[in-house]
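Geometric and topological summary
What follows is each chain in one-letter form.
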Amino acid sequence: MGEGGGWAAMRERRLAEPGAAEAYEAARLAFELGRSVRELRERRGWSQTQLATASEMTQSAVARFEAGGTVPTLVVLERLATALEVSLKVGFEPRDAAT
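Let me sum up the structure you'll find in this document. (Residues numbered from 1 in each chain as written. Predicted model: local features only at pLDDT ≥ 70, side-chain atom pairs only at ≥ 80, totals over all residues. Heavy atoms only, no water.)

As a further point, take the packing of aromatic side chains. A complete count under the given rule lists zero aromatic pairs for this structure. Across the ring face of W46, the terminal group of R44 is positioned such that the distance to the ring centre comes to 4.4 Å. (Phe/Tyr/Trp six-rings, centres within 6.5 Å; stacked < 30°, edge-to-face > 60°. Lys NZ or Arg CZ within 6 Å of the ring centre and 35° of its normal.)

Right under this line is the structure:
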């Protein structure tokens, strides 16, 4: 089977490649944003279609967003926030110091 070390070793090798950590972080943020929107939508009792209509998007765009499949623009985030009647807060915070 070749050199191994298992999944953890392969993950570490991949994350050490140029640009991999940034891509991983972008994917994590997209997933977290999608999860937050899905939770807000479900609390309202809305379907993806209802959110899509309220935010002037398509149902498939909402589905991709909620799955973390897209990195949204600020315009899309503002549309979703307006439709869900929440405030959009975008900012910068200091990172936690490494221990």
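What follows covers the side chain of E66. For E66, the location among the structural elements is in helix 4 (residues 59-66). Residue E66 is classed as buried on the basis of its relative accessible area, which comes to 5%. Polar contacts involving the side chain of E66 include one to the side chain of R41, which spans 2.6 Å. Setting aside residues up to four positions removed in sequence, E66 forms contacts with G34, R35, V37, R38, R41, Q48 and L51. (Helix = DSSP H or I, 4+ residues; strand = E, 2+ residues; numbered from the N terminus. Buried < 20%, exposed > 50% of the residue type's maximum accessible area, 1.4 Å probe, protein only. Polar contact = N/O pair within 3.5 Å; in protein donor to acceptor, adjacent residues only side chain to side chain. Contact = heavy atoms within 4.5 Å.)

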